[in-house]
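Chain residues, written in single-letter form:
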Amino acid sequence: MPTVLIIDDNAAVAIALDVLFSLHDIASLSAASPEEGLDILGREQVDLVIQDMNFTADTTSGEEGVALFREIRKRHPDLPVILLTAWTHLDAAVELIKAGAADYLSKPWHDERLLTTVSNLIELGQANRALNQRLQRERKAKRELEQNFDLRGLVWQDPATERVLSLACQVARADVPVLITGPNGTGKERIAEIIQANSQVADGPFVVLNCGALPSELIEAELFGADAGAYTGASKAREGKFEAADGGTLFLDEIGNLPLAGQMKLLRVLETGRFERLGSNRERQVKVRVISATNADLGAMIRAGSFREDLFYRLNVIELRLPPLAARPGDILPLARSFLRGKTLHPSAESALQAHTWPGNVRELKNVMARASLLAQGDLIKAPDLGLPVTVAPSPDAEPDREAIVQALARAGGVVAQASSELGLSRQALYRRMERLGIARPA
């Protein structure tokens with residue numbers, strides 16, 4: 001139950017407000033002097049303060065109230081304060097509102113207006129506290145990751161990225177295969193590098209093979225090597241990626257492009273550590289940590305018969321899902337700044353970057369910033385320098401769909417008041433839409 005502190009030397013005021021609030025499930029505490037009020041604030045959890053402006057008999061200047069307000073603001077900068085007085089001084093009211101007072105009401109007050117103001121401020125305060133607590137948790141998690149693990153200089157800020165990194169670092173020292181999934185350009189290879197850097201084979205080689213960049217007939221030779229004469233043009237023996245990665249990590253990008261014959265041989269290597277070069281009967285033994293990545297739907301490929309189910313489960317001991325950049329909005333500006341070449345972003349450019357949908361993900365963002373750095377006149381990059389399509393803002397009357405509501409709730413960390421504000425809805429209106437669309441209320 002939310003709690004309001006009433007600081008007023010008139011006991012009748014405190015009693016009247018206590019009765020009013022108790023009828024609407026709001027608890028109240030009372031203090032007859034500024035000193036008593038500050039003492040209560042120092043030891044009780046209070047959501048809002050209603051304070052008088054005069055405490056000494058026959059005093060109407062409001063100076064005592066001003067001093068009390070400034071002391072509350074100094075000790076509790078985020079606590080909403082409503083000023084209540086029988087003596088209205090407009091100039092003083094304006095100055096205190098500018099200094100952070102939530103409202104300035106005259107005695108006698110209007111019950112309905114006061115209740116509306118109190119309820120709105122309590123709800124907003126709870127939302128802000130929840131947001132601040134979430135931000136503090138995120139900052140703490142980020143600091144701990146950066147202090148405890150080698151993140152290879154990765155630039156990131158969004159909680160969605162933090163969750164992927166946290167799991168990647170957690171499983172890095174386990175000698176098990178990892179499958180990284182996500183759209184192209186999201187940074188899957190960077191995650192693989194971080195796993196390698198924090199693994200038990202961090203000092204070993206990190207070898208990369210893009211299975212989608214080679215003709216299918218050459219992939220097996222790239223993976224396992226080949227003896228001289230094994231295929232047309234093989235004039236001498238060559239080492240494969242598994243041999244090159246012995247004692248370290250092999251990163252297989254676009255694993256969905258591996259042909260079925262190569263999949264079968266890869267499965268055997270994962271199970272036994274043994275393989276044969278193309279054209280050779282001699283078995284070779286290696287110790288390699290395999291990390292694979294794909295933007296393909298391997299489940300659909302299994303159903304279509306183009307990817308082996310047994311290999312999928314062998315590769316997918318741990319799966320890391322890397323979201324697209326649009327689902328990691330907190331990463332956009334930090335990444336953009338990291339790609340700049342001694343220049344800064346104008347607020348218009350920041351807004352344009354955050355409004356863009358980034359179908360090419362981080363790779364697209366890097367290219368956009370490189371182009372803007374080259375073409376911008378001066379050291380300040382403005383929105384036109386980015387060359388991004390102009391985004392038309394949605395109509396204020398547009399009805400948010402299910403995806404928009406889910407994303408708004410995710411960005412708000414489940415704080416409904418914050419999500420409803422972003423969507424331009426009241427909290428009750430958002431709840432109704434959540435119920436209609438089958439979206440569970442946050443715990």
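As the structure is a prediction and not an experimental result, all values here were calculated from the model.

A. How the structure looks around a nonpolar patch on the surface. Taken together, the side chains of Ile15, Val19 and Leu23 define a hydrophobic patch exposed on the protein surface, amounting to about 320 Å² of accessible area. Summarising the element assignment, Val19 is placed in helix 1 (residues 11-22).

B. Geometry of the side chain of Arg134. Note that Arg134 resides in helix 5 (residues 111-148). One polar contact links Arg134 to Glu138, side chain to side chain, over a distance of 2.8 Å.

C. Examining the sheet that holds strand 4 (residues 81-85) more closely. Taken in spatial order, the five strands line up as 2-1-3-4-5 in an open sheet, and their pairing is parallel. In the strand order of this sheet, the two ends are held by strand 2 (27-31) and strand 5 (103-106), each with one partner. The mean inter-strand angle of the sheet, taken between neighbouring strand axes irrespective of direction, is 20 degrees. Both strand 1 (residues 3-7) and strand 2 contribute to a ladder of five bridges, which runs parallel. Residue Ile7 lies in a different strand from strand 2, and its bridge partner there is Ala31. Along the sheet, helix 2 (residues 34-43) makes contact with strand 1, strand 2 and strand 3 (48-52), crossing strand 2 at roughly 135 degrees.

D. Main features of the packing of helix 1 against helix 5. At their nearest, the axes of helix 1 and helix 5 sit 11 Å apart, and the two run at 65 degrees to each other. Looking at the two axes, helix 1 sits roughly perpendicular to helix 5. Classified by chirality, the crossing of helix 5 by helix 1 is right-handed. Contact residues: Leu17, Leu20 and Phe21 in helix 1; Asp111, Leu114, Leu115 and Val118 in helix 5. Across the contact of helix 1 with helix 5, the residue classes tally to six nonpolar, no polar and one charged.

E. A look at the pattern of salt bridges. Applying the stated rule across the entire model yields 19 salt bridges. Across the salt bridge formed by Asp150 and Arg152, the nearest N and O atoms sit 2.9 Å from each other. With relative accessibility at 32%, the residue Asp150 sits in the partly exposed group. On the accessibility criterion, Arg152 (44% relative accessible area) is partly exposed. The partner of Arg277 in a salt bridge is Asp227, and the shortest N-O contact between them spans 3.7 Å. Here Asp227 lies in the loop between helix 8 (216-224) and helix 9 (241-244) and Arg277 lies in the loop between strand 9 (274-276) and strand 10 (283-285), a separation of 50 residues in the sequence. Judged by relative accessible area, Arg277 falls into the buried class, the value being 13%.

F. How the structure looks around helix 17 (residues 402-411). Three or more residues of helix 17 are buried, namely Ile405, Ala408 and Leu409. Burial along helix 17 is one-sided: seen end-on, the buried residues are contained in an arc of 100 degrees. On its buried face, helix 17 is in contact with helix 18 (416-423) and helix 19 (427-437). Two or three places before Ala404, at the start of helix 17, stands the capping residue Asp401, its side-chain oxygen 2.8 Å from that residue's backbone nitrogen.

G. Inspection of the packing of aromatic side chains at higher detail. Counting across every chain of the model gives five aromatic pairs. Where Phe224 meets Phe242, the ring centres are 5.8 Å apart and the plane angle is 5 degrees; that geometry is what we call stacked. Residue Phe224 is located in helix 8, and its partner Phe242 is located in helix 9; the two are separated by 18 residues in the primary sequence. Note on accessibility: Phe224 and Phe242 belong to one class, buried. A centroid spacing of 5.2 Å and a plane angle of 70 degrees characterise the contact between Phe312 and Tyr313, whose relative ring orientation is edge-to-face.

H. Quick look at unusual backbone geometry. Even without being glycine, Trp358 reaches a positive phi, approximately 50 degrees. Position of Trp358 among the secondary structure elements: in the loop between helix 14 (347-355) and helix 15 (361-375). Unusually for a residue other than glycine, Asn361 sits at a positive phi of about 60 degrees. Residue position: Asn361 is located in helix 15.

I. Main features of the pairing of strand 6 (residues 178-181). Residues Val178 and Ile180 line one face of strand 6 and the alternating positions Leu179 and Thr181 line the opposite face, and both faces are buried. Bridge analysis of strand 6 against strand 11 (residues 289-294) gives four bridges, and the strand direction is parallel. Note that in strand 11 the partner of Leu179 across the bridge is Ser292.

J. Region of the structure containing the nonpolar core. Of all hydrophobic cores here, the largest spans 28 residues; its most connected members are Leu223, Phe242, Leu250, Leu252, Ile255, Leu266 and Phe307. At the level of secondary structure, the elements contributing two or more residues to this core comprise strand 7 (206-210), helix 8, strand 8 (249-253), helix 10 (260-272), helix 11 (298-304) and helix 12 (309-315). The element contributing the most residues to this core is helix 10, with four residues. Setting aside its immediate chain neighbours within four residues, Ile255 contacts Leu179, Cys211, Leu266, Ser292, Ala293, Thr294, Leu298, Phe307 and Leu315. Residues Leu151, Ala168, Ile194 and Leu322 belong to the second largest nonpolar core, which totals 21 residues.

About the cut-offs
Residues numbered from 1 in each chain as written. Predicted model: local features only at pLDDT ≥ 70, side-chain atom pairs only at ≥ 80, totals over all residues. Heavy atoms only, no water. Patch = residues over 30% accessible without salt bridge, like charges linked within 9 Å, V, L, I, M, F, W, Y side chains within 5 Å. Areas by Shrake-Rupley, 256 points an atom, 1.4 Å probe, with all protein chains shown as cover. Salt bridge = Lys/Arg side-chain N within 4 Å of Asp/Glu carboxyl O. Helix = DSSP H or I, 4+ residues; strand = E, 2+ residues; numbered from the N terminus. Polar contact = N/O pair within 3.5 Å; in protein donor to acceptor, adjacent residues only side chain to side chain. Pairing = 2+ DSSP bridges. Axes fitted to C-alpha atoms, helices over the stretch in contact; angles between N-to-C directions. Contact = heavy atoms within 4.5 Å. Parallel < 35°, antiparallel > 145°, perpendicular 65-115°, else oblique. Left-handed = near helix turned anticlockwise from the far one by under 90°. Nonpolar A, V, L, I, M, F, W, Y, C, P; charged D, E, K, R; others polar. Buried < 20%, exposed > 50% of the residue type's maximum accessible area, 1.4 Å probe, protein only. Arc of directions from axis to C-beta. Phe/Tyr/Trp six-rings, centres within 6.5 Å; stacked < 30°, edge-to-face > 60°. Core = buried A, V, L, I, M, F, W, Y, C linked by side-chain atoms within 4.5 Å.

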